[in-house]
Amino acid sequence: LLLLQGLANKFENRSEDILLGRINAEMVVSLAHLNRFADAQAAFSRAERFLNPYEAPIETAQLMRRSCMFYEPELAEHVLLHAAKIFERHRIDHEVVMSLNNLAAICINQGELQKAANFLARAMKKSAHMGNFGMDYLLNNLALVRLLDGERERSIAGLREALGFAKRQVCRIIILNNQ
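Keep in mind it's a predicted model, so treat the numbers as computed, not measured.

**A few points about the nonpolar core**
So, point 1. One finds Leu-138 and Val-145 to be the most contacted residues of the largest nonpolar core, which totals 31 residues.
So, point 2. Mapped by element, the contributors of at least two residues to this core are α4 (57-66), α5 (73-89), α6 (93-110), α7 (113-128) and α8 (135-148).
So, point 3. Counting residues per element, this core draws most heavily on α6, which supplies 8 residues.
So, point 4. Beyond its immediate stretch of four places on either side in the chain, Val-145 contacts Ile-108, Leu-113, Ala-116, Ala-117 and Leu-120.
So, point 5. Ranked by size, the runner-up nonpolar core spans 13 residues in total, among them Ile-23, Ala-40, Phe-44 and Ala-56.

**Quick word on the pattern of salt bridges**
One side chain can pair with another of opposite charge once the charged atoms of both are near each other.
So, point 1. A full pass over the atoms with the stated rule returns 9 salt bridges.
So, point 2. Glu-59 is the partner of Arg-22 in a salt bridge, and the nearest nitrogen-oxygen pair spans 2.5 Å. With Arg-22 in helix α2 (residues 17-33) and Glu-59 in helix α4, this pair connects stretches of sequence that are 37 residues apart.
So, point 3. The closest approach of N and O atoms between Glu-112 and Lys-115, which form a salt bridge, is 3.6 Å.
So, point 4. For Glu-112, a relative accessible area of 32% corresponds to the partly exposed category.
So, point 5. Using a relative accessible area of 32% as the deciding quantity, one classes Lys-115 as partly exposed.
So, point 6. A single network of salt bridges, built from pairs that share partners, joins Glu-77, Glu-112 and Lys-115.

**Thoughts on the confidence of the model for the chain**
So, point 1. For the chain, mean pLDDT is 81; residues scoring 70 or higher make up 83% of the total.
So, point 2. Per-element confidence in the chain ranges from a low mean pLDDT of 58 for helix α10 (residues 169-178) to a high of 96 for α7.

What counts, and at which threshold
What you see as residue numbers is a count from 1 along each chain, following the sequence as written. Whole-chain, interface and lining totals are the exception, using all residues; otherwise, since this is a predicted model, local features are given only for residues with pLDDT of at least 70 and side-chain atom pairs are given and counted only at 80 or more. Computation of side-chain values: all heavy atoms of the structure, hydrogens and water removed. In these notes, a set of buried Ala, Val, Leu, Ile, Met, Phe, Trp, Tyr and Cys residues joined through side-chain atoms within 4.5 Å is what counts as a nonpolar core. For every residue, the accessible area (1.4 Å probe, protein chains only) is compared with the maximum for its type, and the residue is labelled buried under 20%, exposed over 50%, or partly exposed between those bounds. Secondary structure elements follow DSSP: runs of H or I of four or more residues count as helices, runs of E of two or more count as strands, with numbering from the N terminus. By definition, residues are in contact when any of their heavy atoms lie within 4.5 Å. Put simply, a salt bridge is a Lys or Arg side-chain nitrogen that is within 4 Å of an Asp or Glu carboxyl oxygen. Summary of the metric used: pLDDT quantifies the predictor's per-residue confidence within the range 0 to 100.

Dropping the structure here:
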């Protein structure tokens, strides 16, 4: 985080707007994970100021995906669907998978379990064609959908399957905590 803030300060007086937008977009997620939401919102505002959707559509879509936590659920869903379309148009499949996973998370929080399952199924299909990119998170969220839908045994089996895909320790911890 300090490195990202240092880079942002270093380039602030230069006309490297897209680079500044990217750096601030990365800071949004980092700060939000540290529960520093006011700072994350400030980084979002800076990123939004530096990124022009016509000159940097991919970076703008990445900012939209990363900042969906600041929106009301209905707006977040609209923004993420738009971001996913941009990523699909530019064939950036890993971003499509992450956008669909975020959409599923919003639907889970809204109690729209079938809609969440549909987004996850789309993401899992794309993930399978990419060497199972993000499959651990997708299966973890699908297990949550199953649990909320009253399918406890299928949920536990899904968490075990997700654990088999988890390569990073943080993913393993999240999945193990959900069991």
